[in-house]
Amino acid sequence: MYGHFPSESAFNQQLNAFLDNELSTSEEQEFLDSLQQSPALMDRFNKEKSFHDFLRSKIQRKTVSPAIVQNIKSKIQLNNKKL
């Protein structure tokens, strides 16, 4: 059922790496080529990709001011010195 993938876990790992842009160009192509061998995997890929794209378009990341970041870093450094 998982094409040339040895398990569902292996497929999920490749799928997530693809969606997170962690694959090289050749790995990406190999992954897409393997999907062509299995309509069930291609269907699952399309659903996962649609959901991934939907989430990326709807979720806005909040930015934090540099002053807050510096304040947190300073507190971490102080706590590390106490240890």
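Note: the structure precedes this text.
Participant: It is not clear to me how the side chain of histidine 52 should be interpreted in this structure. Could you clarify?
Facilitator: Along the chain, histidine 52 turns up in helix H3 (residues 39-58). Owing to a relative accessible area of 17%, histidine 52 belongs among the buried residues under this scheme.

Participant: Which parts of the structure should I look at to understand the packing of aromatic side chains?
Facilitator: Aromatic rings considered in pairs are described by the distance between their centres and by the relative angle of their planes. Overall, the coordinates contain 6 aromatic pairs when judged by the stated rule. An aromatic cluster of at least three residues, connected via ring pairs, comprises Phe5, Phe11, Phe18, Phe31 and Phe45.

Participant: Honestly, the packing of helix H1 (residues 8-19) against helix H2 (residues 25-36) in this entry has me stumped. Any pointers?
Facilitator: Each pair of packed helices gets described by two things: the angle between the helix axes and the distance between those axes. For the pair H1 and H2, interaxial distance at closest approach is 11 Å and the crossing angle is 125°. In terms of orientation, H1 lies oblique with respect to H2. In this structure, H1 meets H2 at a crossing whose hand is left-handed. On H2, the residues that touch Phe11, Gln14, Leu15 and Phe18 of H1 are Glu28, Phe31, Leu32 and Leu35. Grouping the amino acids of the contact of H1 with H2 by side-chain chemistry returns 6 nonpolar, 1 polar and 1 charged.

Participant: Got a minute to help me understand H2 in this structure?
Facilitator: In an α-helix, one full turn covers 3.6 residues, which means residues spaced three or four apart are oriented alike. The end-to-end C-alpha distance of H2, which contains 12 residues, comes to 17 Å, matching closely the 16 Å that a straight helix rising 1.5 Å per residue would cover. All of the buried residues in H2 are Phe31, Ser34 and Leu35. The arc that holds the buried residues of H2, viewed along the axis, is 105°, so those residues lie on one side. For H2, exposure combined with an orientation more than 90 degrees from the buried face picks out Thr25, Ser26, Glu30 and Gln36. Residues of H2 that are buried make contact with H1 and H3.

Participant: Please clarify how the nonpolar core should be interpreted in this entry.
Facilitator: Ranked by size, the top nonpolar core spans 13 residues in total, and within it Phe5, Phe11, Leu15, Phe18, Phe31, Leu35 and Phe45 carry the most contacts. Within the residue set of this core, elements represented by two or more residues are H1, H2 and H3. Residue contacts for phenylalanine 5: discarding those within four places in its chain leaves Ala10, Phe11, Gln14, Phe31, Ser34 and Leu41.

Participant: Help me understand the environment of serine 34 in this model?
Facilitator: Position of serine 34 among the secondary structure elements: in helix H2. With 34 residues separating them along the chain, serine 34 and isoleucine 68 place their C-alpha atoms 46 Å apart. Non-local contacts of serine 34, meaning those with residues more than four positions away in its chain, are made with His4 and Phe5.

Rules used throughout
Residues numbered from 1 in each chain as written. Predicted model: local features only at pLDDT ≥ 70, side-chain atom pairs only at ≥ 80, totals over all residues. Heavy atoms only, no water. Helix = DSSP H or I, 4+ residues; strand = E, 2+ residues; numbered from the N terminus. Buried < 20%, exposed > 50% of the residue type's maximum accessible area, 1.4 Å probe, protein only. Phe/Tyr/Trp six-rings, centres within 6.5 Å; stacked < 30°, edge-to-face > 60°. Axes fitted to C-alpha atoms, helices over the stretch in contact; angles between N-to-C directions. Parallel < 35°, antiparallel > 145°, perpendicular 65-115°, else oblique. Left-handed = near helix turned anticlockwise from the far one by under 90°. Contact = heavy atoms within 4.5 Å. Nonpolar A, V, L, I, M, F, W, Y, C, P; charged D, E, K, R; others polar. Expected span 1.5 Å × (residues − 1). Arc of directions from axis to C-beta. Core = buried A, V, L, I, M, F, W, Y, C linked by side-chain atoms within 4.5 Å.

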